[in-house]
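Working through the structure, step by step
Given next are the chains, with one letter for each unit.
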Amino acid sequence: MTKEEAQYLHESALQCFEYNDPLITTQDCWAKLWVEAEKTIPQHMKNDFLDELTSSNIEYRHALEESVRWFGVRYEKD
């Protein structure tokens, strides 16, 4: 991923949150958007997020892993 690609993904993800797009809670998509928007994963969603990292959709899982490497993950503190 290049810096430009990352910036585009970040801005797109932020727009999804700004407009309350259903994608922010859709299965096989939400985790990548949350990471790219640099949003904090609430504690009650942490296990769901970890499940996304083991998704059977290999293409999605690899894209999520790349986003995690680029943007990191933020978890809500206990």
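Preceding block: the structure.
To start, this report covers the structure provided alongside it. (Residues numbered from 1 in each chain as written. Predicted model: local features only at pLDDT ≥ 70, side-chain atom pairs only at ≥ 80, totals over all residues. Heavy atoms only, no water.)

The helix and strand inventory of the protein stands at four helices and two strands. Ordered by position from N to C terminus, the α and β elements of the protein give α-α-β-α-α-β. The C-alpha atoms of the protein give a radius of gyration of 12 Å, which matches the 12 Å a tight globule of 78 residues would have. Taken along its principal axes, the extent of the C-alpha atoms in the protein is 30 × 30 × 25 Å. Evaluated residue by residue, the protein yields a buried proportion of 32% over its 78 residues. In the protein, of all internal contacts separated by at least 6 residues, the share reaching a separation of at least 24 is 56%. If you sum the accessible surface of the protein, you get close to 5,300 Å²; carbon and sulfur atoms cover 49% of it. Averaging the locations of the 8 positively and 16 negatively charged side chains of the protein gives two centres separated by 7 Å. (Helix = DSSP H or I, 4+ residues; strand = E, 2+ residues; numbered from the N terminus. Rg over C-alpha atoms; globule rule 2.2 N^0.38 Å. Buried < 20%, exposed > 50% of the residue type's maximum accessible area, 1.4 Å probe, protein only. Contact = heavy atoms within 4.5 Å. Areas by Shrake-Rupley, 256 points an atom, 1.4 Å probe, with all protein chains shown as cover. Lys, Arg positive; Asp, Glu negative; His and termini not counted. Charge placed at Lys NZ, Arg CZ, Asp CG, Glu CD.)

Turning next to helix 4 (residues 58-71). An ideal rise of 1.5 Å per residue puts 20 Å on 14 residues; helix 4 measures up with 20 Å between its terminal C-alpha atoms. When we look at burial in helix 4, the residues that qualify are Tyr 60, Leu 64, Ser 67 and Phe 71. An end-on view of helix 4 places all buried positions within 60° of arc, on one side of the element. Seen from the buried face of helix 4, the exposed residues on the opposite side, beyond 90 degrees, are Glu 59 and Arg 69. (Expected span 1.5 Å × (residues − 1). Arc of directions from axis to C-beta.)

Within the secondary structure layout, Ser 55 lies in the loop between helix 3 (46-52) and helix 4. Looking at Ser 55, the relative accessible area reads 7%, which means it is buried.

Moving on, we come to the packing of aromatic side chains. Using the criterion set out here, one finds four aromatic pairs in the structure. When the ring of Trp 30 is compared with that of Phe 49, the centres are 6.2 Å apart and the planes differ by 65°; the resulting orientation is edge-to-face. With a gap of 19 residues between them, Trp 30 in helix 2 (residues 30-36) and Phe 49 in helix 3 connect regions that are remote in the sequence. Residue class for Trp 30 comes out buried when judged on its relative accessible area of 7%. Phe 49 gets classed as buried once you look at its relative accessible area, which sits at 0%. Taken together, a centroid distance of 6.0 Å and an interplanar angle of 80° make the contact between Phe 49 and Tyr 75 edge-to-face. (Phe/Tyr/Trp six-rings, centres within 6.5 Å; stacked < 30°, edge-to-face > 60°.)

Take the pattern of salt bridges next. Where charged atoms from two side chains of opposite charge come close, those side chains can pair. Under the definition given, this model contains three salt bridges. Among the ionic pairs, Lys 32 bridges to Glu 36, the shortest N-O distance being 2.6 Å. Note that Lys 32 and Glu 36 are positioned in helix 2 at a spacing of four residues, about one turn of the helix. (Salt bridge = Lys/Arg side-chain N within 4 Å of Asp/Glu carboxyl O.)

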